[in-house]
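# Fold and geometry: a report
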Amino acid sequence: MIHAKTRWAICLLTLSTLVVSAQEKIPALSGKIISKEKEEVAFATVYLKGTTYGCSSDQQGMYYLHAPAGKYTLAVSAVGYEAVEKPVTLTGERLKMNIVLTASEIRMDEVVVTASGVGRVNRSPFNAVAIGTKELQNSTKSLSEALAKTPGMKLRESGGVGSDMSLLMDGFSGKHIKIFIDGVPQEGVGDSFGLNNIPVNFAERIEVYKGVVPVGLGSDALGGAINIVTDKSRRGWYLDASYSYGSFNTHKSYVNFGQTFDCGLMYEINAFQNYSDNSYKVDTPVEEFFPDGTSVIDTDKSYRVRRFNDTYHNEAVTGKIGVVDRKWADRLVYAFTYSHMYKEIQTGVVQKVVFGQKHRKGYSLMPSLEYSKHNFLTQGLDLTITANYNDNIAQHIDTAAYRYNWFGEKRYLNGTLGEQSYQNTRSENDNWNATITARYRLGRGHTFTLSHVFNAITRANSQAAGVAQREVDAFDKTTRKNITGLSYQLMPSEKWNLSVFGKYYNQYNAGPVSTSENGTTDYVLLENNASTLGFGAAGTYFFLRGAQAKLSYERACRLPTTEELFGDEDLELGTIGLKPERSDNVNLSLSYDRTFGLHGLYAEAGLVYRNTADYIQRRIGTYSGNKSYASYSNHGKVETKGYNLSLRYSYRGWLSVGGSFTQMDVRDRTKTLNEGSVQTNLTYGDRIPNQPYLFANSDVTFYWRNLFGRGNTLSVAYDNFWQHDFPLYSESLGAKESKQVVPAQFAHSLSLTYSLKQGRYNFSLECRNLTDEKLYDNFSLQKAGRAFYGKVRVRFGDEGKNGRHGRGEDRHRR
């Protein structure tokens, strides 16, 4: 560890020296492009008429130009705004000129996030949706719960607070979808930074890329990507703090404060915690213990019992210090993150397996560096570099001398130890990440992007004192990924644009594999290396007033994750020999976005097609004395066809109503049992099991402005989620009367929020699962019933972009 941390310090110092020394000439002309509503206009086209000198504004609306001295006409245009021309005289000295744009009737360039939080990144050729968090920040929702309103998106959880979580997006789930925070991959960051543990206040907005993923994210995603965007706007002193309490002894708190000084020096502290007993009731058969040492489970008889070994808590704090808006750096920030978690394990991968003492705990230490510069060394070249090292420690403890049932009764294990498998395993994960993205704008309509992502994880396992060392722990487990992407974007007019790209993927894996017949001894080190190429194109066209079409194709690749390769050293079994998934992805979407006086209308329809080879599937199996584990394997070919629909209406800033509907048909297209075999695959043509395929949601929100005082707002929101039943296991296997399904579900929630003094003081009440519906997910694990929550939130100081109120909308331009 000392050696690793020394290398990290050297990396930081070297990189800092390079970026600080990278001086550039002062721009001849610079400024900020804003709307009349005082909002930044990103990616506006800025050029000097009659010349080749031009650029685009960045995400903060800033533009920078170099040109010889002389008299020019400065032209500025952006989709959804009236074009502006202004005379300008350059004398060789630095000149600053801010531009104010007036919105045209059709605002196609913006992401319009209505009160529901669902909007669209319209100018991008990629099928992208943006979720503004402002209207959700007074709720107790996590980032994963905010995502659930996106068309085609389904949140899957195995329990309450801190439970295992995955997202289903257009037929792909879990590890097919990559997570980023401000463009930085989040693989291997630890449980505390799972989307279901991060409060929605953490983000300014959430960007969802469905199917084809831009090269700038440097991802090996197969089903899409989620980018959590935080507020990086320059602000004076600010504070945002909240606390919530609710059912099952659930406590959540969040605090964010910081400041940017006039000299450009900035600091920021971001901290949050979650705690819950998760003591909700479930309906399940119970194993009965008899005095003679025998036991029996009557699977036809169900009891309503309370979870008793499911406490979870996590804490995380991030400190940042750096400089912004310097001539050699737009942003140079050092950060340090500490997180800690404790999690009791109530069940195995299926609900009939129950534990009474089994638990996990761990912590993570992560220093990081971020550097970005607009017009780095030369006009039109933007550079972003990130690097971090994560020292993540996880401990799996299963040393109990008793076996438990759902009544909380325990039975002595007759000298054996461990409820699942006797262990006190300490896993030390060294995780290195680095990204570099260079974007070069050539003239008015040409942009080239080059990106590279490096990720390396090494896991070393050991047993605590008094526990026999396992033979398998003598081997470290290692995976390294390198992903390089290159793209070209053509923007000849505001009517259409096109992007073409290519990607190179490489992964090295090494880990222990048993050579014995029983699979538990005689381990040897297995190494493999995989490389492949991917490519694709995406385009968009505005064909009618307010109407837009998007079409994209990608030959994509997804490299196996650490958990799929190595497992979690507990309930998940890894497979070191997994092959990368390969897929042909096609997305087509049509959208219509118009405002008619006081009325707003948004509609969208999307078609999805995926043809996937070497599909990595999670299965449930029974090993080692009738104990259940999850494992991963490549499964031939899988075909996905589907569509999603979305509709939203708003009126005058006091009403928003809408919803979405999704149907995805994901089928097994492997004809033979194994490659090269002539034996027929009995599940050919079946749906992929344990995966929802038909679901919908809707919501309605009412706003009463200036209620009991100017600047006060009362909002009442109702939302629901419906899901069709789906097969738990393959449809063709077993007798019809014994088929197991996850039942259809229809859940309702209600919330009320009162904000005072333009949102400075906020009070919220929520009721989730209003009708106490029985909700199930991953392999029929039951989730919480009716629950109540309350939240108090205060904000002070310079609140930046998230501090603006008054129209019931949150707009973000790209």
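In the block above lies the structure referred to throughout.
Cut-offs used in this document
Residues numbered from 1 in each chain as written. Predicted model: local features only at pLDDT ≥ 70, side-chain atom pairs only at ≥ 80, totals over all residues. Heavy atoms only, no water. 1 Å grid on protein atoms, 1.4 Å probe; cavity = no way out; pocket = protein on both sides within 12 Å on 5 of 7 lines; lining within 4 Å. Points joined across faces, edges and corners; volume = space filled by probe spheres on them. Helix = DSSP H or I, 4+ residues; strand = E, 2+ residues; numbered from the N terminus. Nonpolar A, V, L, I, M, F, W, Y, C, P; charged D, E, K, R; others polar. Core = buried A, V, L, I, M, F, W, Y, C linked by side-chain atoms within 4.5 Å. Buried < 20%, exposed > 50% of the residue type's maximum accessible area, 1.4 Å probe, protein only. Contact = heavy atoms within 4.5 Å. Salt bridge = Lys/Arg side-chain N within 4 Å of Asp/Glu carboxyl O. Pairing = 2+ DSSP bridges. Axes fitted to C-alpha atoms, helices over the stretch in contact; angles between N-to-C directions. Polar contact = N/O pair within 3.5 Å; in protein donor to acceptor, adjacent residues only side chain to side chain.

## Re empty space enclosed by the protein
If you walk through the whole model with that rule in mind, you get six cavities of 30 Å³ or more. In this structure, the largest cavity encloses a volume near 990 Å³. Glu145, Leu155, Glu157, Ser749 and Arg768 are, among the 45 residues lining the largest cavity, the residues nearest its centre. Looking at which element gives the most residues to the lining of the largest cavity, the answer is strand β47 (residues 745-756), with six residues. Tallied by class, residues from the lining of the largest cavity come to 15 nonpolar, 18 polar and twelve charged. In this structure, the second largest cavity occupies an estimated 140 Å³ of space. Residue lining of the second largest cavity: 18 residues in total, with Thr140, Lys141, Pro199, Lys252 and Asn274 positioned closest to the centre. Taken together, the residues of the lining of the second largest cavity break down into four nonpolar, eleven polar and three charged.

## Digging into the nonpolar core
Counting 26 residues, the largest nonpolar core has Leu143, Leu147, Leu167, Ile206, Ile226 and Ile228 as the members making the most contacts within it. Breaking this core down by element, the ones donating at least two residues are β11 (128-132), α2 (143-147), β12 (153-157), β13 (165-169), β15 (177-181), β17 (205-210) and β18 (224-229). A total of three residues in this core trace back to one element, the largest contributor, which is α2. Ignoring anything within four residues of it in the chain, the contact list for isoleucine 226 reads Leu147, Met153, Leu167, Met169, Ile177, Lys178, Ile179, Phe180, Leu195, Ile206 and Glu207. In this structure, Val41, Leu65, Val88 and Leu101 belong to the second largest nonpolar core, which totals 22 residues.

## Considering the pattern of salt bridges
Inspection of every chain in the model, using the stated rule, returns 28 salt bridges. Notably, a salt bridge pairs arginine 555 with aspartate 584, separated by 2.9 Å at the nearest N-O pair. Taken together, the positions of arginine 555 in strand β37 (residues 547-558) and aspartate 584 in strand β39 (residues 581-596) put the pair 29 residues apart, joining distant regions of the chain. We classify arginine 555 as partly exposed; its relative accessible area is 27%. Because the salt bridges share partners, they merge into one network encompassing Asp182, Lys232, Arg331 and Glu370.

## Focus on the sheet that holds strand β3 (residues 54-56)
Sheet architecture is open: four strands sit in the order β3-β2-β5-β6, paired in antiparallel fashion. The outermost strands of the open sheet, each flanked by one partner alone, are β3 and β6 (84-90). Geometrically, the sheet is characterised by an average inter-axis angle of 20 degrees between neighbouring strands, direction not taken into account. The pairing of strand β5 (residues 70-77) with β6 spans seven bridges and is antiparallel. Each residue of the ladder has a partner; that of glycine 70, found in β6, is leucine 90.

## Overview of the side chain of asparagine 587
Positionally, asparagine 587 belongs in strand β39. There is a polar contact of 3.3 Å between the side chain of asparagine 587 and the side chain of arginine 610.

## A closer look at the side chain of arginine 331
As for its position among the elements, arginine 331 is in strand β27 (residues 329-344). Using a relative accessible area of 8% as the deciding quantity, one classes arginine 331 as buried. One polar contact links arginine 331 to glutamate 370, side chain to side chain, over a distance of 3.1 Å. Other than its neighbours up to four places away in sequence, arginine 331 contacts Lys232, Met266, Lys320, Val323, Val324, Glu370, Tyr371 and Ser372.

## Here's the deal with the sheet that holds β13
Across the sheet, three strands lie side by side as β12-β13-β14; this open sheet has antiparallel pairing. Since the sheet does not close on itself, it has two edges, and those belong to β12 and β14 (172-173), each with one partner. When β12 meets β13, the two strands line up antiparallel, connected through five bridges. Along β13, the bridge assignment pairs glutamate 157 with methionine 165.

## A few points about the environment of phenylalanine 535
Here phenylalanine 535 is to be found in strand β36 (residues 523-544). Taking relative accessible area as the criterion, phenylalanine 535 reaches 46% and is therefore assigned partly exposed. Separated by 22 residues in sequence, phenylalanine 535 and cysteine 557 place their C-alpha atoms 9.6 Å apart.

## Some points on unusual backbone geometry
Residue aspartate 325 is not a glycine yet carries a positive backbone phi of 55 degrees. Note that aspartate 325 resides in strand β26 (residues 312-326). A positive phi is found at phenylalanine 708, a non-glycine position, where the angle reads about 65 degrees. Here phenylalanine 708 lies in the loop between β43 (694-705) and β44 (713-723). Assessed through its relative accessible area of 72%, phenylalanine 708 is described here as exposed.

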